[in-house]
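This is what each chain is made of:
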Amino acid sequence: MATVFDFNNKTVVVIGGTSGINRSIAESFAAAGARVAVASRSQDKVDDTVTALESAGAQTAMGIAFDVRDAMAVAEGFAAIQEAYGEIDVLVSGAAGNFPALAADMSVNAFKTVIDIDLMGTIHVMKAAYPHLKRPGASIINISAPQSYLPYEGQAHVCAAKAGVDQITRTLSMEWGLEGIRVNSVVPGFIDGTEGAKRLAPSPEVLKGLTRSIPLGRLGACEDVANACLFLSSDQASYISGTVLAVDGALYQRGSGSTGEMMGHMLRAASASKK
Ligand code: COA
Ligand code: NAP
């Protein structure tokens, strides 16, 4: 992919970078010439991604398998990245888990699982990266979701977790700003072909309704999100910090309305049929 941004000699780390949106972000930084490191739970996905990053044009690429819920493993992973590549210029933190479920039907552990991956995972990643960040100059991007500010039925766990992620973004942009570290969130809307979109729109009918509700009239592409991450991490964005940038085709302006209602209806029908 042609890119207007140059990340030659920059070290970029993408956590959860082995599939979907985050992998596309990692590949876009690779195409812009960066040294790219990715991490996720599956060693197979990590290995496959490293090969793809090398083909995409990365100066060099590496990957580590860890679970963001394990703070110690995350810290060891970042130490290994620093040893191989030196200071980190760009950190993208995007590991997440989601499933639609009504709060009344969800176990406490189900709720906690999403909090542990999305919210605790984010703070584990940011704290582990902190000693290794280039200062001044580092850019951190947390990958958030519309659930951060739009309530969706069947998404209480994700809404709580992603709202927390964006508040971490805002707070740490102040705490780390004086060191020259920028912290922003990027909020993908519904992104075509991804695991997240498949889970929230499990049938063609729901997908059609959902697409209709987006003011720009189409689902997003992974590259739409990746382009925003390249810009936010570039020198051209050097005065942008503490912001939550929606890349959502104006979905936010319309709210969760019919999509949330449709999901609530489907989940209530499924729940009733089990009783
Ligand atoms: N509805 C209700 N509860 C569910 C559920 C669903 N669809 N899927 C999982 N859970 C519950 C489990 O029953 C379990 O609770 P319990 O111990 O009380 O039974 C809890 O959630 C944890 O499930 P488990 O399968 O052990 O978690 P995991 O750590 O192996 O996997 C998930 C985490 C569930 C988030 C899994 O879907 C995942 O790995 N997702 C990553 C990919 C993804 O979600 N991509 C989209 C990103 S937007
Ligand atoms: P995806 O393909 O499922 O990607 C999730 C990534 O996170 C994978 O690389 C996965 O790899 C990793 N991961 C999951 N749990 C992990 C854990 N506990 N520890 C370490 N890594 C873990 O999902 P996606 O749909 O592209 O979503 C990517 C991001 O965009 C998420 O933050 C999501 O909330 C956000 N988002 C997506 C959409 C959308 O339309 N898809 C909309 C809004 C926001 P392993 O399985 O190997 O761990």
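Here goes a summary of the coordinates provided. Counting of residues starts from 1 at the beginning of each chain's written sequence and follows it residue by residue. Chains carry letters and ligands carry numbers; both start at the beginning, A for chains and 1 for ligands, and go up in the order they are written. In keeping with the model being predicted, local features are shown solely for residues with a pLDDT of at least 70 and side-chain atom pairs are shown and tallied solely at 80 or more, while totals for entire chains, interfaces and linings include all residues. Computation of side-chain values covers all heavy atoms of the structure but excludes hydrogens and water.

### Let's talk about the overall build of the protein
Note the threshold: Only DSSP runs of H or I covering at least 4 residues are called helices, and only runs of E covering at least 2 are called strands; the numbering of each starts at the N terminus. Pairs of residues are marked as contacts when any of their non-hydrogen atoms sit within 4.5 Å. Accessibility throughout is a Shrake-Rupley quantity obtained with a 1.4 Å probe, and a residue counts as covered only by protein chains that appear here.
When you go through the protein residue by residue, the secondary structure sums to 10 helices and 7 strands. Based on the C-alpha atoms only, the size of the protein along its principal axes is roughly 55 × 40 × 35 Å. Residue pairs in contact within the protein that sit at least 24 positions apart in sequence constitute 77% of those at least 6 positions apart. Accessible surface, the protein as shown: approximately 12300 Å² in total, 55% of it carbon and sulfur.

### Quick notes on the environment of I141
As a reminder, the rule being used: The cut-offs for exposure are 20% and 50% of the maximum accessible area for each residue type, with area from a 1.4 Å probe on protein chains only; residues under the lower value are buried, those over the upper are exposed, and the others partly exposed.
Take I141: it is sitting in strand β5 (residues 139–143). The exposure class assigned to I141 is buried, which follows from its relative accessible area of 0%.

### Some points on the nonpolar core
The test is simple: By convention a nonpolar core is built from buried Ala, Val, Leu, Ile, Met, Phe, Trp, Tyr and Cys residues, the set being connected through side-chain atoms within 4.5 Å.
In terms of nonpolar packing, the biggest core is built from 34 residues, with V13, I15, F66, F78, L91, L133 and I140 touching the most fellow members. Counting residues per element, the ones that place at least two in this core are β1 (11–15), β2 (35–40), β3 (60–65), α3 (71–85), α4 (108–129) and α5 (156–175). The biggest single contributor to this core is α4, with 8 residues. In contact with L133, not counting residues within four places along its chain, are E87, I88, A138, I140, W176 and I181. Among the nonpolar cores identified, the runner-up in size contains 32 residues, and V14, A30, A228 and L230 belong to it.

### Topic: the layout of surface pockets
The following threshold applies: Here a cavity denotes a set of grid points, spaced 1 Å apart and computed over the protein atoms alone, in which a 1.4 Å probe fits but from which it cannot get out, and a pocket denotes an open set meeting protein on both sides within 12 Å along at least five of seven lines; residues with an atom within 4 Å of a point are reported as lining. Grid points are joined across faces, edges and corners, and a volume is the space filled by probe spheres set on the points. Here the term charged refers only to Asp, Glu, Lys and Arg, the term nonpolar to Ala, Val, Leu, Ile, Met, Phe, Trp, Tyr, Cys and Pro, and the term polar to all other amino acids, Gly among them.
The computed volume of the largest pocket comes to approximately 1100 Å³. G94, A96, G97, E195 and G196 are, among the 46 residues lining the largest pocket, the residues nearest its centre. Put simply, the parts of the chain that give the lining of the largest pocket at least two residues each are α1 (20–31), β2, α4, α5 and α6 (195–200). The biggest single contributor to the lining of the largest pocket is α6, with 6 residues. Grouping the constituent residues of the lining of the largest pocket by class yields 20 nonpolar, 17 polar and 9 charged. Here the second largest pocket defines a volume of roughly 280 Å³. Split into classes, the residues belonging to the lining of the second largest pocket amount to 6 nonpolar, 7 polar and 6 charged.

### Some details on the packing of helix α7 (residues 204–212) against helix α10 (residues 257–274)
To keep things clear, this is the line we draw: Note on definitions: angles span 0 to 180 degrees between N-to-C directions of axes, and those axes are lines fitted to C-alpha atoms, for helices only across the stretch in contact. Working rule for angles: under 35 degrees goes down as roughly parallel, over 145 as roughly antiparallel, 65 to 115 as roughly perpendicular, anything else as oblique. With the far helix as reference, a near helix turned anticlockwise by less than a right angle produces a left-handed crossing, and one turned clockwise produces a right-handed crossing.
Two elements in contact, α7 and α10, have axes whose closest approach is 10 Å; the angle formed by their N-to-C orientations is 160°. One finds that α7 runs roughly antiparallel with respect to α10. Between α7 and α10 the crossing geometry is right-handed. Judged by residue contacts, V206, G209 and L210 of α7 engage T259, M262 and M266 from α10.

### Overview of α5
Our working definition: By this rule the span expected of a helix is its residue count minus one, scaled by 1.5 Å.
Relative to the 28 Å expected for 20 residues at 1.5 Å per residue, α5 spans 29 Å between its end C-alpha atoms, a close match to the ideal helical length. Taken together, the buried positions of α5 are H157, V158, C159, A161, K162, G164, V165, D166, I168, T169, L172 and S173. Taken together, the buried residues of α5 touch α4, β5, β6 (182–188) and β7 (244–247).

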